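This is what each chain is made of:
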2 protein chains.
Amino acid sequence: MALYGGIEAGGTKIVCAIGTDPDHIYAEVRFPTTGPDEVIPRAVAFFREQADLGPIAAVGIAAFGPIDPDPNSPTFGYVTTTPKPGWAHTDFAGAIRRALRVPVGFDTDVNTAALGEHRWGAAQGLNTFIYLTVGTGIGGGAMVNGKLLHGLMHPEMGHLRVPHNLATDPFPGCCSYHGDCLEGLCGGPAVEARTGKRGETLAEDDLVWDIVAHYLSLALADYILVLSPQRIIMGGGVMTQAHLFDKIRKMTPLHLNNYIDMPQLAAAIDRFIVPPRLGNRAGVLGAIALAEIAANPH
Amino acid sequence: MALYGGIEAGGTKIVCAIGTDPDHIYAEVRFPTTGPDEVIPRAVAFFREQADLGPIAAVGIAAFGPIDPDPNSPTFGYVTTTPKPGWAHTDFAGAIRRALRVPVGFDTDVNTAALGEHRWGAAQGLNTFIYLTVGTGIGGGAMVNGKLLHGLMHPEMGHLRVPHNLATDPFPGCCSYHGDCLEGLCGGPAVEARTGKRGETLAEDDLVWDIVAHYLSLALADYILVLSPQRIIMGGGVMTQAHLFDKIRKMTPLHLNNYIDMPQLAAAIDRFIVPPRLGNRAGVLGAIALAEIAANPH
């Protein structure tokens, strides 16, 4: 059986793995997300050092964005306009392809996590769903009609403009691009700016979680109205506050007020808004799945 | 060449047509959207009366929603929870199929218009785009990766929750479900409630158009962030105010603040936010295309 390589390039750390599926990962390494001049050689060295496992048929890369995921574009495989030092306009996929001489699949971290959850996790059997990560940043990937969503570029769901009543919530938001977009109102840095504490140190009954659930549920309502997903998977550091799920499941249908008359927005909402079944491994496992697709283009 | 029947069932009028494409429509009739006991027999009678044109291979129905467009559902082809008198839980497609004994395609009015624009209009060659109608109601359809978007049910983009600053815009909104959702803030009835006049009687420089463009551009920004369309087609009665296009093209990129670095959101925005090329015929022509697909399932 062919072996695949996966690279999950997150905002703070890189995970590289070799294997075929969640139960068959034969090697794995993690290191911090420094600049590409350090990260790309380290990833290449990892795959080369594991040569005794056998040849790798392809590599999949799950990258923080914005990126160019369009195979027909001259800048396919690039990280594009990221503010992350050193990474803007970096030919990530090309560098890996040239070094390892294998096909390379390339997508956003969240689209790739969606692919992983579709193959082995909470989205098996669905054709249209969203994977949302809520952490330092907020990002969303989606599969629609069985294929990952790219369109013009790729979704950037975390920057949704949601209703924000300054009279009841005077926090101005902290997104450097948009101020009070979703990420600016309730991403990790917003939680810290609102409370003066890191989210993981706050009690479950801290009022900030009601605020976080309020904005996330408004965003979910909008995602449902626009994309009509069969399920929404919510992962990321903030969502390890498992009590948020109950709040979000209660609030989301209130924003829709029975306009969409489906059991998924009523009795069956526990199976509609769910955590990733692959946990924090959705990204790297999705990258393995991306590699398999790159090795077997149809 | 096979002939197809199309039914566009809008909120106020029904259009039935027979033909194959925009240049070959051989018969057409319009009548008001009364109850289904009147509308369905009138549509059936129209198709029967045109029997001398030759047999119809299939009928496509573009219906106001919410509807059930899932061919695997026991209520496929039904208008479901509409408040429109007599129409709730009506087996629209089934009644036409039983009467005419032909395959029936069935989708939302806006998905069907998207299909028409994809086949013959402003979305030719694209695989991921949005068709938005702004009239008495606001509704959006979408094609993603070359197929119409359904997912859980179908998009209901007009009911998006957008930022609404009550301090600067005290109008509470007039959606019976959501108050100040997009439709409640700037659909036809909202324009009338805000001004005391019907939109078509207002001057181009009436300030209400700035308000309408403001909310529509916020919604477009959100659609772009969630669905990443390659183009957004805007039709419907309100958009016959052609000056709105310039306002919306200016405002939409401001909400995104260069976060999505694509020419479609800058120099090329005139080709990104566009009117339907089929004008007000996108729905009925899309219904013809829907019929063709129903007659030739893959």
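Residues numbered from 1 in each chain as written. Chains lettered and ligands numbered in written order. Predicted model: local features only at pLDDT ≥ 70, side-chain atom pairs only at ≥ 80, totals over all residues. Heavy atoms only, no water.

If you look at the interface, chain A gives 43 residues, while chain B gives 42 residues. Contact with chain B buries surface across chain A, with Leu-152, Val-226 and Tyr-259 of chain A losing the most and accounting together for 22% of the total. For the interface between chain A and chain B, the tally reads 0 salt bridges. Taken together, the links from chain A to chain B amount to 26 residue pairs in polar contact (both at pLDDT 80 or more). The set of elements that each furnish at least two residues to the side of chain A that touches chain B consists of β10 (147-148), α6 (208-227) and α7 (243-256) of chain A. Looking at which element gives the most residues to the side of chain A that touches chain B, the answer is α6 of chain A, with 6 residues. (Contact = heavy atoms within 4.5 Å. Buried area = accessible area lost by both parts, 1.4 Å probe. Salt bridge = Lys/Arg side-chain N within 4 Å of Asp/Glu carboxyl O. Polar contact = N/O pair within 3.5 Å; in protein donor to acceptor, adjacent residues only side chain to side chain. Helix = DSSP H or I, 4+ residues; strand = E, 2+ residues; numbered from the N terminus.)

You can see Thr-128 of chain A is positioned in the loop between α3 (109-120) and β8 (129-134). A polar atom in the side chain of Thr-128 of chain A sits 2.7 Å from the side chain of Asn-127 of chain A. In this structure the side chain of Thr-128 of chain A is engaged in a polar contact, spanning 3.1 Å, whose partner is the backbone nitrogen of Asn-145 of chain A. Every residue in contact with Thr-128 of chain A, bar those within four places of it in the chain, is listed here: Met-143, Val-144, Asn-145, Leu-227, Ser-228, Pro-229, Gln-230 and Arg-231 of chain A together with Leu-149 and Gly-151 of chain B.

In this section: the relation of the copies chain A and chain B. Taken as rigid bodies, chain A and chain B are interconverted by a rotation of 180° and an axial shift of 0.0 Å, the fit giving an RMSD of 0.0 Å. What we have between these two chains is a two-fold relation. Minimal C-alpha separation from the rotation axis in chain A is found for Pro-163 of chain A, amounting to 1.8 Å. (Least-squares fit on C-alpha atoms with pLDDT ≥ 70 in both.)

All names here are of chain B. Across the 7 residues of strand β9 (residues 138-144), 7 count as buried, placing the element largely inside the fold. Burial of the side chains of β9 extends over both faces: Ile-138, Gly-140, Ala-142 and Val-144 are buried on one face and Gly-139, Gly-141 and Met-143 on the other. With 6 bridges connecting them, strand β8 (residues 129-134) and β9 associate as antiparallel partners. Pairing of Phe-129 across the sheet is with Met-143, part of β9. (Buried < 20%, exposed > 50% of the residue type's maximum accessible area, 1.4 Å probe, protein only. Pairing = 2+ DSSP bridges.)

Our focus in this paragraph is the domain arrangement of chain A. All names here are of chain A. Each domain of chain A was delimited in the assignment, giving domain 1 (3-112 + 280-295) and domain 2 (125-275). Between the C-alpha centres of domain 1 and domain 2 there is a distance of 27 Å. Together domain 1 and domain 2 conceal approximately 900 Å² of surface at their shared face, both sides included; 62% is due to carbon and sulfur atoms. Looking only at domain 1, the three residues that lose the most surface to domain 2 are Pro-69, Val-110 and Asn-111, adding up to 56% of its buried area. (Domains from an automatic or database assignment.)

This part covers the packing of aromatic side chains. Think of a pair of aromatic rings as described by two things: how far the centres are apart, and how the planes are tilted against each other in angle. Applying the stated criterion across every chain, the model contains 12 aromatic pairs over all chains. Taken together, a centroid distance of 5.3 Å and an interplanar angle of 85° make the contact between Phe-64 of chain B and Trp-87 of chain B edge-to-face. One end of the pair, Phe-64 of chain B, is in the loop between β4 (56-63) and β5 (78-79); the other, Trp-87 of chain B, is in the loop between β5 and β6 (90-91), with 23 residues separating them in the sequence. Here Phe-64 of chain B falls in the buried class, since its relative accessible area comes to 6%. Between the NZ or CZ atom of Lys-84 of chain A and the centre of the ring of Phe-64 of chain A, over which it lies, the distance is 5.2 Å. (Phe/Tyr/Trp six-rings, centres within 6.5 Å; stacked < 30°, edge-to-face > 60°. Lys NZ or Arg CZ within 6 Å of the ring centre and 35° of its normal.)

Residues and elements named next belong to chain A. Here 5 strands make up an open sheet; going across it, the order is β3-β2-β1-β4-β7 and the pairing mixed. This sheet does not close on itself; its edge strands, each paired only once, are β3 (24-32) and β7 (104-108). Here the strands of the sheet are splayed against their neighbours by 15° on average, with no regard to which way each runs. Two elements, strand β2 (residues 13-21) and β3, share 8 bridges in a ladder whose sense is antiparallel. (Axes fitted to C-alpha atoms, helices over the stretch in contact; angles between N-to-C directions.)

Let us now look at the state of the cysteines. Residue and element names in this part refer to chain A. Scanning all chains against the criterion turns up 0 disulfides over all chains. Cysteine Cys-174 is unpaired, with the sulfur of Cys-175 as its nearest cysteine sulfur at 7.7 Å. Summary of cysteine pairing: Cys-175 is not part of a disulfide, and the nearest cysteine sulfur, belonging to Cys-181, is at 3.8 Å. (Disulfide = S-S within 2.5 Å.)

We now examine the sheet that holds β8 of chain A. With respect to topology, 5 strands assemble into an open sheet ordered β10-β9-β8-β11-β12 (chain A), the strand pairing being mixed. In this open sheet, the two strands that pair with only one neighbour each are β10 and β12 (273-274) of chain A.

Here we come to the environment of Ser-176 of chain A. Structurally, the position occupied by Ser-176 of chain A is in the loop between β10 and α4 (182-186). Given a relative accessible area of 71%, Ser-176 of chain A falls into the exposed group.

Let us now look at helix α8 (residues 282-295) of chain B. All names here are of chain B. For α8, which comprises 14 residues, the first-to-last C-alpha distance of 20 Å matches the rise-based estimate of 20 Å (1.5 Å per residue) to within 8%. The element α8 is extensively covered by neighbouring structure, given that 11 of its 14 residues are classed as buried. Residues of α8 that are buried include every one of Ala-282, Gly-283, Val-284, Leu-285, Gly-286, Ala-287, Ile-288, Ala-289, Leu-290, Ala-291 and Ala-294, and no others. (Expected span 1.5 Å × (residues − 1).)

Bringing helix α2 (residues 92-100) of chain A into the picture now. Residues and elements named next belong to chain A. Within α2, burial applies to Phe-92, Ala-93, Gly-94, Ile-96 and Leu-100. Next to the buried residues of α2 lie β1 (3-9), α1 (36-49), β4 (56-63), β5 (78-79), β6 (90-91) and β7. Between a side-chain oxygen at the N-terminus of α2 and the backbone nitrogen of Gly-94 the separation is 2.9 Å; the capping residue is Asp-91. Where α2 terminates, the next one or two residues include Arg-101, which has phi positive at roughly 55°.

Within the largest apolar cluster, 96 residues are counted, with the highest numbers of intra-cluster contacts made by Leu-216, Tyr-223 and Met-234 of chain A together with Leu-216, Tyr-223 and Met-234 of chain B. When residues no more than four places from it in sequence are discounted, the contact partners of Leu-216 of chain B are Val-134, Ile-138, Leu-182, Cys-186, Met-234, Met-239 and Ile-248 of chain B. Listed in part, the 30 residues of the second largest apolar core include Cys-16, Phe-47, Val-102 and Val-104 of chain B. (Core = buried A, V, L, I, M, F, W, Y, C linked by side-chain atoms within 4.5 Å.)

A few words on the pairing of strand β7 (residues 104-108) of chain B. Residues and elements named next belong to chain B. Most of β7 sits out of view: 5 of its 5 residues are buried. Pairing between β4 and β7: 5 bridges, direction parallel. Of the residues in β7, the one forming a bridge with Val-59 is Val-104.

A word on unusual backbone geometry. Of note, the bond from Gly-65 of chain A into Pro-66 of chain A is cis; its omega dihedral lies within 30 degrees of zero at -5°. Tracing the chain through its elements places Pro-66 of chain A in the loop between β4 and β5. Although it is not a glycine, His-89 of chain B adopts a positive phi angle of roughly 60°. Mapped onto the fold, His-89 of chain B is located in the loop between β5 and β6. Assessed through its relative accessible area of 55%, His-89 of chain B is described here as exposed. Not every positive phi belongs to a glycine, and Asn-145 of chain B is a case in point at roughly 50°. With respect to the helices and strands, the residue Asn-145 of chain B is situated in the loop between β9 and β10 (147-148). Relative accessible area serves as the criterion here: at 19%, Asn-145 of chain B is assigned to the buried category.

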